[in-house]
Amino acid sequence: RPAFVTPMAAVAGAVADALLTELAGDGVTRAYVNNGGDIALHLAPGESLTCALAGRPGMPDRATIRAEDRVRGIATSGRGGRSLSFGIADAVTVLAGTAAMADAAATMIANAVDLPGHPAIHRRPASGSMLPSGRTGRPCALRALMRPLDSPTSRANAASLNPRLPTMAPKN
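The rules behind each value
Residues numbered from 1 in each chain as written. Predicted model: local features only at pLDDT ≥ 70, side-chain atom pairs only at ≥ 80, totals over all residues. Heavy atoms only, no water. Helix = DSSP H or I, 4+ residues; strand = E, 2+ residues; numbered from the N terminus. Buried < 20%, exposed > 50% of the residue type's maximum accessible area, 1.4 Å probe, protein only. Contact = heavy atoms within 4.5 Å. Areas by Shrake-Rupley, 256 points an atom, 1.4 Å probe, with all protein chains shown as cover. Patch = residues over 30% accessible without salt bridge, like charges linked within 9 Å, V, L, I, M, F, W, Y side chains within 5 Å. Salt bridge = Lys/Arg side-chain N within 4 Å of Asp/Glu carboxyl O. Core = buried A, V, L, I, M, F, W, Y, C linked by side-chain atoms within 4.5 Å. Pairing = 2+ DSSP bridges. pLDDT = per-residue confidence, 0-100. Axes fitted to C-alpha atoms, helices over the stretch in contact; angles between N-to-C directions.

**Some words on the overall build of the chain**
- A tally of regular secondary structure across the chain gives three helices and eight strands.
- Along the chain, helices (α) and strands (β) appear in the sequence α-β-β-β-β-β-β-α-β-β-α when read from the amino end.
- For the chain, the residues scored as buried account for 34% of the 172 residues in total.
- Looking at the chain alone, contacts between residues at least 24 apart form 47% of all its contacts between residues at least 6 apart.
- Element-wise, carbon and sulfur atoms account for 57% of the exposed surface of the chain, whose accessible area totals about 10,500 Å².

**Considering a nonpolar patch on the surface**
- Among the surface-exposed residues, Met8, Val11, Val15 and Leu19 lie close enough to one another that they form a single nonpolar patch of about 310 Å² accessible area.
- Tracing the backbone through its elements, the reader meets Met8 in the segment before helix H1 (11-23).
- For Met8, a relative accessible area of 42% puts it in the partly exposed group.

**So, the nonpolar core**
- Counting residues in hydrophobic clusters, the biggest one holds ten residues: Ile39, Leu41, Leu43, Leu49, Cys51, Ala63, Ile65, Ala67, Val71 and Ile74.
- Where this core is concerned, the elements lending two or more residues are strand E2 (38-43), strand E3 (48-52) and strand E4 (62-66).
- The biggest single contributor to this core is E2, with three residues.
- Apart from residues no more than four positions distant in its own chain, Leu43 is found in contact with Thr29, Arg30, Ser48, Leu49, Ile65, Arg66, Ala67 and Arg72.
- Of all hydrophobic cores here, the second largest spans eight residues; its members include Ala89, Val92, Ala96 and Ala102.

**What to know about the pairing of E2**
- Burial runs high along E2: five of the six residues are buried.
- Here strand E1 (residues 30-35) pairs with E2 via six bridges, running antiparallel. Bridge pairing links Ala31 to His42 in E2.
- Taken together, E1 and the strand that follows it, E2, pair antiparallel across an intervening segment of two residues, in which Gly36 is found at a positive phi of about 65 degrees.
- Two strands pair when backbone bridges link them, and E2 and strand E5 (residues 73-77) are joined in this way by two bridges, in the antiparallel orientation. Paired with Ala40 across the bridge in E5 is Gly73.

**Let's talk about the confidence of the model for the chain**
- The pLDDT averaged across the chain works out to 75; a share of 66% of its residues lies at or above 70.
- Averaged pLDDT values over the elements of the chain bottom out at 45 in helix H3 (residues 152-161) and peak at 95 in E2.
- Across residues 143-172, where pLDDT falls below 50, the model places 37 contacts with residues more than four positions away in sequence or in other chains.

**Here's the deal with the sheet that holds E2**
- Strand order in the open sheet made by the four strands is E1-E2-E5-E6, with antiparallel pairing throughout. The open sheet terminates on both sides in strands that have one partner only, identified here as E1 and strand E6 (92-96). Averaged over all pairs of adjacent strands, the angle between their axes in this sheet comes to 15 degrees, without regard to strand direction.
- Two strands pair when backbone bridges link them, and E5 and E6 are joined in this way by five bridges, in the antiparallel orientation. Paired with Ala75 across the strands is Val94, a residue of E6.
- The strands touched by H1 within the sheet are E1 and E2, with E1 carrying the most contacts at an inclination of about 150 degrees.
- Along the sheet face, helix H2 (residues 99-112) touches E2, E5 and E6 and points at about 25 degrees away from the line of E5.

Next up, the structure:
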């Protein structure tokens, strides 16, 4: 079954792309538009930009994008963002060819990170004016009362719930 996504999943990234088009005129060698975490990049040949990413201790927290890379958009999505999520990911960051593509991909991935039916995941059907069109009635994750994977016991318990979940401890 195809993943559920509406055009709203790419709006912030598309707005960043459109604004960047207006800003990156003749003579501009490096520019970016950050629309609430959905970032569009313009890099002239030889230019680069280093961006901070949401990370965990021991994991990379920076990405350097060079002009010769195909990346021109970065987006982060998840439960901690400005909108509701169907999944339980705290943050998913995607680098893509445009900010709109990164925005839609981050949304779809964040929505797919889930443990269906787990008792620690609290959901409620989306309703009212607080939601973009197309989401009304779908259960959104309100709270995920999950412990971090900081001990062998908690990693083993998580693996028994979802065998695809990585169980390696983060590098310190």
